[in-house]
Amino acid sequence: IAKKYRDLPVGSTVFPVKSQGGWVEVVVPEQEGQPPAMGWAQAPHGVDALLDIVPRPSTGGAHRASTATPQDLQRKWELARSRNGDLKGKIADFQDTMQKSSYRDRAEMSGVEDRRQAAAQAIAGKVKSGVSKLRHEVKKELRSGSAKQILSDLGK
């Protein structure tokens, strides 16, 4: 691995991704407190030489024997099967709902209908305001004394 990240001790686990011109791109899993990494390792003798299997020292009890009885295992499997059945039922219900619902229902569920109603209310408010201003102007003209002139103009 490039020195920018870290040097790997001999025997480190690496997973090759690809090789190119004497170099191998590798993925290094988390080990010995070091975070996982990805980088290039020099392999002048090929990928096989880089990946020679080196025995590792024992980790001292990292693997433990299973103490579960056959009855315990059977109960766990029964629980998993019942949960799987519940999950399948929920999926089937959801699929039925989606097939039966119309576009409008799905739009309402997603809030599209709420946004459409809010836009319609905003437009209605602007129209109402415009009509109110027009009504006020007409009243003002009628009160100004030239109402007879306006009515005579309308009659022509």
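These numbers come from a predicted model, not from an experiment.

Rules used in this analysis
Residues numbered from 1 in each chain as written. Predicted model: local features only at pLDDT ≥ 70, side-chain atom pairs only at ≥ 80, totals over all residues. Heavy atoms only, no water. Helix = DSSP H or I, 4+ residues; strand = E, 2+ residues; numbered from the N terminus. Contact = heavy atoms within 4.5 Å. Areas by Shrake-Rupley, 256 points an atom, 1.4 Å probe, with all protein chains shown as cover. Buried < 20%, exposed > 50% of the residue type's maximum accessible area, 1.4 Å probe, protein only. Pairing = 2+ DSSP bridges. Axes fitted to C-alpha atoms, helices over the stretch in contact; angles between N-to-C directions. Salt bridge = Lys/Arg side-chain N within 4 Å of Asp/Glu carboxyl O. Core = buried A, V, L, I, M, F, W, Y, C linked by side-chain atoms within 4.5 Å.

### Quick look at the overall build of the protein
Part 1: Counting its secondary structure elements, the protein contains five helices and three strands.
Part 2: Each helix and strand of the protein, ordered N terminal to C terminal, gives the series β-β-β-α-α-α-α-α.
Part 3: Expressed as a percentage of contacts within the protein between residues at least 6 apart in sequence, the contacts between residues at least 24 apart total 24%.
Part 4: As displayed, the protein offers around 13600 Å² of accessible surface, 57% of which is attributable to carbon and sulfur atoms.

### What about the pairing of strand S3 (residues 37-42)?
Two faces, one strand: in a regular strand the side chains alternate between the faces of the sheet.
Part 1: Where burial is concerned, the two faces of S3 differ: the one with Ala-37, Gly-39 and Ala-41 is buried and the one with Met-38, Trp-40 and Gln-42 is not.
Part 2: Inspection of the sheet shows strand S2 (residues 23-28) paired to S3 by six bridges, in the antiparallel sense. The residue of S3 that forms the bridge with Val-27 is Met-38.

### Side note on the environment of Val-26
Part 1: For Val-26, the position within the fold is in strand S2.
Part 2: The spatial distance from the C-alpha of Val-26 to the C-alpha of Val-14 is 6.0 Å, given a sequence separation of twelve residues.

### Regarding the sheet that holds S3
Part 1: Strand order in this open sheet of three strands is S1-S2-S3, and the pairing throughout is antiparallel. Each edge of the open sheet is held by one strand with a lone partner, namely strand S1 (15-20) and S3. The average angle at which neighbouring strand axes cross in this sheet is 25 degrees, direction not considered.
Part 2: Judged from the five bridges that link them, S1 and S2 form a sheet pairing that is antiparallel. When the sheet's bridge partners are listed, Gln-20 is paired in S2 with Trp-23.

### As for the pattern of salt bridges
Part 1: Under the definition given, this model contains one salt bridge.
Part 2: Residues Arg-75 and Asp-72 are paired through a salt bridge, measuring 2.2 Å at the closest nitrogen-oxygen approach. Here Asp-72 and Arg-75 lie together in helix H2 (residues 70-100), a separation of three residues that amounts to about one turn.
Part 3: Given a relative accessible area of 26%, Asp-72 falls into the partly exposed group.

### A short note on the nonpolar core
Part 1: In this structure, Val-14, Val-24, Val-26, Val-28, Ala-41 and Ala-43 together form the largest nonpolar core, which totals six residues.
Part 2: With three residues, S2 is the largest single contributor of residues to this core.

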